[in-house]
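# Geometric and topological summary
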Amino acid sequence: MDPATTTAPMQNDCETESSSVWSWWPSWRPTSMSLLKTTESKILNCIQNDLWARFVTLPNQDRIWTLTLTNKAVRKPVTQAAKTPLVMVHGFGGGVGLWIRNLDMLSRSRPVYAFDLLGFGRSSRPSFPSDAEKAEEQFVNSIEQWRQSVGLENMILLGHSLGGYLATSYAIQYPSRVSHLILVDPWGFPERPQPQTQTQEGQSQGPEVVKRRPIPRWVKAIAAVVSLFNPLAVIRAAGPWGPGLVNRFRPDFKRKFEDMFDDDTMTQYIYHCNAQTPSGEVGFRAMSESLGWAKRPMLQRVHLLPPSMPLTMLYGAQSWVDSSSGDRVAQIRSQVHTKVLLINEASHHVYADQPDEFNRVVENICSSVN
(Lines give C-alpha, C1' and ligand atoms only; values in the text may rest on other atoms or scores of the structure.)
Protein backbone atom coordinates (compact mmCIF):
# COMPACT_ATOMS: atom_id res chain seq x y z
CA MET A 1 0.00 0.00 0.00
CA ASP A 2 1.08 3.54 -0.62
CA PRO A 3 2.43 4.97 2.64
CA ALA A 4 0.40 8.14 2.79
CA THR A 5 -2.01 10.25 0.85
CA THR A 6 -1.13 13.68 -0.46
CA THR A 7 -3.12 16.47 1.09
CA ALA A 8 -5.38 18.48 -1.22
CA PRO A 9 -5.77 22.26 -0.91
CA MET A 10 -8.09 23.24 1.93
CA GLN A 11 -11.62 24.00 0.83
CA ASN A 12 -14.05 25.69 3.22
CA ASP A 13 -17.42 24.17 4.02
CA CYS A 14 -18.99 27.56 3.51
CA GLU A 15 -19.19 28.46 -0.15
CA THR A 16 -17.94 31.98 0.52
CA GLU A 17 -14.21 31.45 0.68
CA SER A 18 -13.66 34.72 2.58
CA SER A 19 -14.91 33.16 5.79
CA SER A 20 -11.87 32.07 7.79
CA VAL A 21 -13.74 31.27 11.00
CA TRP A 22 -13.79 27.58 10.01
CA SER A 23 -9.99 27.31 9.86
CA TRP A 24 -9.81 25.76 13.32
CA TRP A 25 -12.12 22.86 12.42
CA PRO A 26 -9.50 20.37 11.17
CA SER A 27 -7.66 20.27 14.51
CA TRP A 28 -10.98 19.95 16.34
CA ARG A 29 -12.24 17.00 14.31
CA PRO A 30 -10.99 13.60 15.51
CA THR A 31 -10.07 12.44 12.02
CA SER A 32 -7.20 12.24 9.57
CA MET A 33 -6.30 10.38 6.40
CA SER A 34 -4.16 8.15 8.58
CA LEU A 35 -7.17 7.18 10.72
CA LEU A 36 -9.19 6.53 7.56
CA LYS A 37 -6.39 4.28 6.30
CA THR A 38 -6.28 2.37 9.60
CA THR A 39 -10.04 1.84 9.70
CA GLU A 40 -10.16 0.80 6.06
CA SER A 41 -7.30 -1.67 6.61
CA LYS A 42 -9.33 -3.41 9.30
CA ILE A 43 -12.18 -3.81 6.80
CA LEU A 44 -9.97 -5.01 3.95
CA ASN A 45 -8.32 -7.60 6.21
CA CYS A 46 -11.53 -9.61 5.81
CA ILE A 47 -10.80 -10.19 2.11
CA GLN A 48 -9.75 -13.76 1.28
CA ASN A 49 -8.81 -13.39 -2.38
CA ASP A 50 -5.64 -11.77 -3.68
CA LEU A 51 -5.84 -8.03 -3.11
CA TRP A 52 -3.70 -5.29 -4.62
CA ALA A 53 -4.41 -1.90 -3.05
CA ARG A 54 -2.64 1.18 -4.38
CA PHE A 55 -2.97 4.73 -5.63
CA VAL A 56 -3.36 5.17 -9.39
CA THR A 57 -1.87 8.51 -10.43
CA LEU A 58 -3.70 10.46 -13.14
CA PRO A 59 -1.92 12.74 -15.67
CA ASN A 60 -2.75 15.83 -13.57
CA GLN A 61 -1.20 14.09 -10.51
CA ASP A 62 -4.54 13.46 -8.78
CA ARG A 63 -4.50 10.01 -7.20
CA ILE A 64 -7.32 7.46 -7.20
CA TRP A 65 -7.29 4.88 -4.41
CA THR A 66 -7.81 1.53 -6.13
CA LEU A 67 -8.41 -2.10 -5.18
CA THR A 68 -7.81 -4.98 -7.60
CA LEU A 69 -8.99 -8.46 -6.63
CA THR A 70 -8.22 -11.77 -8.29
CA ASN A 71 -9.06 -15.31 -7.28
CA LYS A 72 -6.08 -16.96 -5.61
CA ALA A 73 -7.71 -20.37 -6.19
CA VAL A 74 -7.48 -19.97 -9.97
CA ARG A 75 -4.32 -21.79 -11.02
CA LYS A 76 -4.17 -20.12 -14.40
CA PRO A 77 -4.40 -16.34 -13.94
CA VAL A 78 -4.42 -16.03 -17.74
CA THR A 79 -7.88 -17.64 -17.78
CA GLN A 80 -9.25 -15.07 -15.36
CA ALA A 81 -7.46 -12.22 -17.08
CA ALA A 82 -9.31 -13.09 -20.30
CA LYS A 83 -12.61 -12.29 -18.59
CA THR A 84 -13.93 -8.74 -18.84
CA PRO A 85 -13.19 -7.10 -15.47
CA LEU A 86 -15.92 -5.76 -13.23
CA VAL A 87 -15.41 -2.15 -12.09
CA MET A 88 -17.42 -0.98 -9.06
CA VAL A 89 -18.18 2.69 -8.34
CA HIS A 90 -19.52 3.64 -4.89
CA GLY A 91 -22.14 6.26 -4.06
CA PHE A 92 -22.14 9.63 -2.32
CA GLY A 93 -20.16 9.69 0.92
CA GLY A 94 -18.94 6.13 0.43
CA GLY A 95 -15.71 4.35 -0.42
CA VAL A 96 -14.28 0.99 -1.42
CA GLY A 97 -14.77 -0.42 2.09
CA LEU A 98 -18.53 -0.57 1.65
CA TRP A 99 -18.15 -3.36 -0.94
CA ILE A 100 -16.65 -5.72 1.65
CA ARG A 101 -19.59 -8.16 1.40
CA ASN A 102 -19.23 -8.38 -2.38
CA LEU A 103 -15.58 -8.25 -3.41
CA ASP A 104 -14.56 -11.84 -2.64
CA MET A 105 -17.62 -13.43 -4.21
CA LEU A 106 -17.57 -11.30 -7.36
CA SER A 107 -13.83 -11.84 -7.95
CA ARG A 108 -14.18 -15.64 -8.09
CA SER A 109 -14.29 -15.76 -11.87
CA ARG A 110 -12.91 -12.41 -13.07
CA PRO A 111 -10.79 -9.47 -11.90
CA VAL A 112 -12.70 -6.91 -9.87
CA TYR A 113 -11.68 -3.28 -9.51
CA ALA A 114 -13.10 -0.86 -6.96
CA PHE A 115 -11.91 2.71 -6.52
CA ASP A 116 -12.69 5.76 -4.42
CA LEU A 117 -14.23 8.40 -6.64
CA LEU A 118 -12.22 11.58 -7.05
CA GLY A 119 -12.90 13.76 -4.00
CA PHE A 120 -14.08 10.86 -1.82
CA GLY A 121 -12.51 8.28 0.48
CA ARG A 122 -8.72 8.15 0.19
CA SER A 123 -8.55 9.61 -3.33
CA SER A 124 -7.25 13.12 -3.98
CA ARG A 125 -9.55 15.95 -2.99
CA PRO A 126 -9.20 18.69 -5.61
CA SER A 127 -11.41 21.73 -6.10
CA PHE A 128 -14.60 21.21 -8.09
CA PRO A 129 -16.37 23.86 -10.19
CA SER A 130 -19.77 25.14 -9.08
CA ASP A 131 -21.23 24.55 -12.57
CA ALA A 132 -23.19 21.27 -12.73
CA GLU A 133 -22.01 20.22 -16.18
CA LYS A 134 -18.36 21.04 -15.45
CA ALA A 135 -18.44 19.21 -12.10
CA GLU A 136 -19.90 16.11 -13.76
CA GLU A 137 -17.27 16.34 -16.48
CA GLN A 138 -14.49 16.43 -13.89
CA PHE A 139 -15.78 13.22 -12.30
CA VAL A 140 -16.19 11.47 -15.66
CA ASN A 141 -12.79 12.60 -16.95
CA SER A 142 -11.15 11.21 -13.82
CA ILE A 143 -12.82 7.82 -14.42
CA GLU A 144 -11.58 7.73 -18.01
CA GLN A 145 -8.06 8.77 -17.00
CA TRP A 146 -8.15 6.10 -14.30
CA ARG A 147 -9.16 3.49 -16.90
CA GLN A 148 -6.30 4.52 -19.16
CA SER A 149 -3.80 4.49 -16.30
CA VAL A 150 -4.88 1.03 -15.16
CA GLY A 151 -4.85 -0.22 -18.76
CA LEU A 152 -8.37 -1.63 -19.11
CA GLU A 153 -9.68 -1.94 -22.66
CA ASN A 154 -13.26 -2.47 -21.61
CA MET A 155 -15.20 -3.29 -18.48
CA ILE A 156 -18.49 -4.26 -16.91
CA LEU A 157 -19.26 -0.98 -15.16
CA LEU A 158 -21.34 -1.05 -11.96
CA GLY A 159 -22.34 2.12 -10.13
CA HIS A 160 -24.36 2.65 -6.96
CA SER A 161 -26.39 5.80 -6.28
CA LEU A 162 -24.21 8.79 -7.32
CA GLY A 163 -21.84 6.22 -8.81
CA GLY A 164 -24.70 5.01 -11.02
CA TYR A 165 -25.31 8.52 -12.30
CA LEU A 166 -21.62 9.01 -13.10
CA ALA A 167 -21.31 5.53 -14.61
CA THR A 168 -24.17 6.35 -16.99
CA SER A 169 -22.57 9.66 -17.96
CA TYR A 170 -19.29 7.81 -18.54
CA ALA A 171 -20.98 5.14 -20.68
CA ILE A 172 -22.62 7.84 -22.82
CA GLN A 173 -19.25 9.47 -23.49
CA TYR A 174 -17.13 6.31 -23.78
CA PRO A 175 -19.53 3.58 -24.95
CA SER A 176 -16.84 1.40 -26.51
CA ARG A 177 -15.32 0.87 -23.06
CA VAL A 178 -18.48 -0.50 -21.39
CA SER A 179 -19.52 -4.10 -22.10
CA HIS A 180 -22.49 -3.99 -19.71
CA LEU A 181 -23.78 -1.15 -17.54
CA ILE A 182 -25.16 -2.09 -14.12
CA LEU A 183 -26.92 0.63 -12.14
CA VAL A 184 -27.74 -0.05 -8.50
CA ASP A 185 -30.37 2.28 -7.04
CA PRO A 186 -28.98 5.11 -9.20
CA TRP A 187 -29.33 8.72 -8.11
CA GLY A 188 -30.24 11.61 -10.39
CA PHE A 189 -32.48 10.02 -13.01
CA PRO A 190 -35.97 11.53 -12.49
CA GLU A 191 -36.86 15.10 -13.31
CA ARG A 192 -37.94 17.31 -10.44
CA PRO A 193 -41.78 17.50 -10.31
CA GLN A 194 -43.08 20.93 -11.29
CA PRO A 195 -45.83 22.62 -9.26
CA GLN A 196 -49.13 22.91 -11.08
CA THR A 197 -49.90 26.33 -12.53
CA GLN A 198 -53.34 27.87 -12.69
CA THR A 199 -54.88 29.86 -15.54
CA GLN A 200 -57.03 32.93 -14.90
CA GLU A 201 -60.12 30.73 -15.17
CA GLY A 202 -58.67 28.43 -12.53
CA GLN A 203 -58.00 25.62 -15.00
CA SER A 204 -54.81 23.69 -14.47
CA GLN A 205 -52.16 23.61 -17.16
CA GLY A 206 -50.33 20.40 -17.88
CA PRO A 207 -52.11 17.11 -17.18
CA GLU A 208 -49.13 15.34 -15.62
CA VAL A 209 -47.96 17.92 -13.09
CA VAL A 210 -48.89 17.42 -9.48
CA LYS A 211 -50.67 20.21 -7.65
CA ARG A 212 -48.70 21.16 -4.55
CA ARG A 213 -49.31 23.51 -1.68
CA PRO A 214 -47.07 26.59 -1.67
CA ILE A 215 -43.86 26.14 0.33
CA PRO A 216 -44.07 28.07 3.64
CA ARG A 217 -41.75 31.06 3.93
CA TRP A 218 -39.95 29.59 6.96
CA VAL A 219 -39.10 26.44 4.99
CA LYS A 220 -37.64 28.56 2.20
CA ALA A 221 -35.59 30.49 4.77
CA ILE A 222 -34.11 27.31 6.29
CA ALA A 223 -33.42 25.89 2.81
CA ALA A 224 -31.59 29.11 1.90
CA VAL A 225 -29.34 28.79 4.97
CA VAL A 226 -28.66 25.08 4.37
CA SER A 227 -27.81 25.80 0.73
CA LEU A 228 -24.76 27.79 1.90
CA PHE A 229 -23.12 24.62 3.14
CA ASN A 230 -22.04 21.29 1.75
CA PRO A 231 -24.33 18.31 2.47
CA LEU A 232 -22.09 16.74 5.13
CA ALA A 233 -20.90 19.95 6.79
CA VAL A 234 -22.77 19.02 9.97
CA ILE A 235 -20.48 16.01 10.49
CA ARG A 236 -17.43 18.26 10.38
CA ALA A 237 -19.08 21.01 12.41
CA ALA A 238 -19.84 18.51 15.16
CA GLY A 239 -16.11 18.13 15.86
CA PRO A 240 -15.49 15.44 18.51
CA TRP A 241 -19.21 14.61 18.48
CA GLY A 242 -19.07 13.75 14.76
CA PRO A 243 -18.51 9.98 15.11
CA GLY A 244 -21.39 9.73 17.58
CA LEU A 245 -23.54 11.70 15.16
CA VAL A 246 -22.92 9.16 12.41
CA ASN A 247 -23.73 6.32 14.82
CA ARG A 248 -26.95 8.03 15.85
CA PHE A 249 -28.24 8.92 12.40
CA ARG A 250 -26.91 5.91 10.49
CA PRO A 251 -27.18 2.97 12.92
CA ASP A 252 -28.20 0.84 9.93
CA PHE A 253 -24.59 0.78 8.73
CA LYS A 254 -23.53 -0.94 11.92
CA ARG A 255 -26.40 -3.43 11.62
CA LYS A 256 -25.67 -4.26 7.98
CA PHE A 257 -22.17 -5.46 8.88
CA GLU A 258 -22.67 -6.60 12.48
CA ASP A 259 -21.82 -10.23 11.71
CA MET A 260 -18.42 -9.06 10.43
CA PHE A 261 -17.62 -6.37 13.01
CA ASP A 262 -18.97 -6.27 16.55
CA ASP A 263 -17.85 -2.67 17.06
CA ASP A 264 -18.22 0.68 15.30
CA THR A 265 -15.78 -0.13 12.48
CA MET A 266 -18.19 0.61 9.63
CA THR A 267 -19.64 3.79 11.09
CA GLN A 268 -16.11 4.94 11.91
CA TYR A 269 -15.21 4.29 8.27
CA ILE A 270 -18.18 6.38 7.09
CA TYR A 271 -17.18 9.13 9.51
CA HIS A 272 -13.53 9.25 8.43
CA CYS A 273 -14.52 9.18 4.74
CA ASN A 274 -16.68 12.27 5.22
CA ALA A 275 -14.97 14.28 7.94
CA GLN A 276 -12.04 15.15 5.66
CA THR A 277 -11.78 18.26 3.51
CA PRO A 278 -14.94 18.37 1.34
CA SER A 279 -14.20 17.92 -2.35
CA GLY A 280 -16.35 15.38 -4.21
CA GLU A 281 -19.09 16.55 -1.89
CA VAL A 282 -18.68 20.03 -3.40
CA GLY A 283 -18.96 18.49 -6.86
CA PHE A 284 -22.13 16.66 -5.87
CA ARG A 285 -23.61 19.84 -4.48
CA ALA A 286 -22.91 21.57 -7.80
CA MET A 287 -24.78 18.83 -9.66
CA SER A 288 -27.80 18.74 -7.34
CA GLU A 289 -30.53 21.13 -6.32
CA SER A 290 -32.71 21.25 -3.23
CA LEU A 291 -33.92 17.96 -1.76
CA GLY A 292 -31.42 15.98 -3.80
CA TRP A 293 -32.78 16.35 -7.34
CA ALA A 294 -30.22 16.37 -10.15
CA LYS A 295 -29.87 19.64 -12.03
CA ARG A 296 -29.24 17.58 -15.18
CA PRO A 297 -31.58 14.57 -14.81
CA MET A 298 -30.23 11.46 -16.48
CA LEU A 299 -33.63 10.52 -17.91
CA GLN A 300 -33.13 13.40 -20.34
CA ARG A 301 -29.90 11.84 -21.65
CA VAL A 302 -30.23 8.10 -21.25
CA HIS A 303 -31.35 7.82 -24.90
CA LEU A 304 -27.76 8.74 -25.81
CA LEU A 305 -26.55 5.32 -24.65
CA PRO A 306 -26.04 3.01 -27.65
CA PRO A 307 -29.28 1.03 -28.08
CA SER A 308 -27.24 -2.19 -28.21
CA MET A 309 -25.45 -1.56 -24.87
CA PRO A 310 -26.81 -4.04 -22.30
CA LEU A 311 -28.16 -2.22 -19.24
CA THR A 312 -29.40 -3.72 -15.97
CA MET A 313 -30.94 -1.59 -13.23
CA LEU A 314 -31.15 -3.08 -9.71
CA TYR A 315 -33.37 -1.50 -7.08
CA GLY A 316 -33.98 -2.31 -3.44
CA ALA A 317 -37.68 -3.03 -3.02
CA GLN A 318 -37.69 -0.94 0.20
CA SER A 319 -35.44 1.84 -1.12
CA TRP A 320 -36.30 5.54 -1.11
CA VAL A 321 -35.14 5.62 -4.76
CA ASP A 322 -38.19 5.20 -7.00
CA SER A 323 -37.75 2.23 -9.34
CA SER A 324 -40.26 3.78 -11.78
CA SER A 325 -37.27 5.64 -13.27
CA GLY A 326 -35.93 2.23 -14.30
CA ASP A 327 -39.23 1.41 -15.98
CA ARG A 328 -39.02 4.72 -17.82
CA VAL A 329 -35.48 3.91 -18.97
CA ALA A 330 -36.72 0.57 -20.31
CA GLN A 331 -39.40 2.42 -22.30
CA ILE A 332 -36.89 4.90 -23.70
CA ARG A 333 -34.37 2.21 -24.68
CA SER A 334 -34.71 -1.10 -26.43
CA GLN A 335 -36.57 -3.48 -24.12
CA VAL A 336 -34.33 -6.28 -25.38
CA HIS A 337 -31.20 -4.75 -23.88
CA THR A 338 -32.64 -3.22 -20.71
CA LYS A 339 -33.66 -5.07 -17.55
CA VAL A 340 -35.09 -3.67 -14.32
CA LEU A 341 -34.84 -5.93 -11.27
CA LEU A 342 -36.12 -5.47 -7.71
CA ILE A 343 -34.32 -7.14 -4.81
CA ASN A 344 -36.71 -7.89 -1.97
CA GLU A 345 -36.02 -6.84 1.62
CA ALA A 346 -33.34 -4.41 0.47
CA SER A 347 -33.15 -0.68 0.97
CA HIS A 348 -30.92 1.80 -0.88
CA HIS A 349 -27.74 -0.11 0.03
CA VAL A 350 -28.81 -3.23 -1.84
CA TYR A 351 -25.31 -4.73 -1.88
CA ALA A 352 -25.13 -4.73 1.94
CA ASP A 353 -28.78 -5.51 2.75
CA GLN A 354 -29.01 -8.61 0.56
CA PRO A 355 -25.40 -9.37 -0.40
CA ASP A 356 -25.97 -13.00 -1.46
CA GLU A 357 -28.78 -12.10 -3.85
CA PHE A 358 -26.94 -9.02 -5.09
CA ASN A 359 -23.77 -11.04 -5.74
CA ARG A 360 -25.77 -13.77 -7.50
CA VAL A 361 -27.50 -11.29 -9.82
CA VAL A 362 -24.27 -9.44 -10.62
CA GLU A 363 -22.40 -12.72 -11.24
CA ASN A 364 -25.10 -13.81 -13.68
CA ILE A 365 -24.84 -10.51 -15.51
CA CYS A 366 -21.07 -10.84 -15.72
CA SER A 367 -21.39 -14.42 -17.01
CA SER A 368 -23.64 -13.16 -19.81
CA VAL A 369 -20.75 -10.98 -21.00
CA ASN A 370 -18.16 -13.78 -21.01
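What follows covers the sheet that holds strand 3 (residues 86-89). The strand order across the open sheet built from 8 strands is 1-2-4-3-5-6-9-10, with neighbouring strands paired in mixed fashion. Bordering the open sheet on either side are strand 1 (50-57) and strand 10 (338-343), each of which pairs with just one other strand. Within the sheet, the average angular offset between the axes of one strand and its neighbour, ignoring direction, is 20 degrees. In this sheet, strand 4 (residues 112-115) lies alongside strand 3 in parallel orientation, the contact comprising 4 bridges. Looking at strand 4, one finds that Val87 is bridged to Tyr113. Where helix 5 (residues 132-150) meets the sheet, it contacts strand 1, strand 2 (63-70), strand 3, strand 4 and strand 5 (155-160), and its direction lies at approximately 120 degrees from that of strand 1.

Let us look at unusual backbone geometry. For Asp185, which is not a glycine, the phi torsion comes out positive at approximately 45 degrees. Here Asp185 is to be found in the loop between strand 6 (178-184) and strand 7 (197-198). Residue classification places Asp185 among the buried positions, given a relative accessible area of 0%. In the Ramachandran plot, Glu345 falls in the positive-phi region, its phi being about 55 degrees despite a non-glycine side chain. Within the secondary structure, Glu345 sits in the loop between strand 10 and helix 14 (350-353).

The subject of this paragraph is the environment of Asp104. The topology assignment puts Asp104 in helix 4 (residues 103-106). Residues Asp104 and Asn359, 255 residues apart in the sequence, show an inter-C-alpha distance of 9.7 Å. Those residues in contact with Asp104, other than ones at most four positions away along the chain, are Cys46, Ile47, Gln48, Asn49 and Leu69.

Calculation notes
- Residues numbered from 1 in each chain as written.
- Predicted model: local features only at pLDDT ≥ 70, side-chain atom pairs only at ≥ 80, totals over all residues.
- Heavy atoms only, no water.
- Pairing = 2+ DSSP bridges.
- Helix = DSSP H or I, 4+ residues; strand = E, 2+ residues; numbered from the N terminus.
- Axes fitted to C-alpha atoms, helices over the stretch in contact; angles between N-to-C directions.
- Contact = heavy atoms within 4.5 Å.
- Buried < 20%, exposed > 50% of the residue type's maximum accessible area, 1.4 Å probe, protein only.

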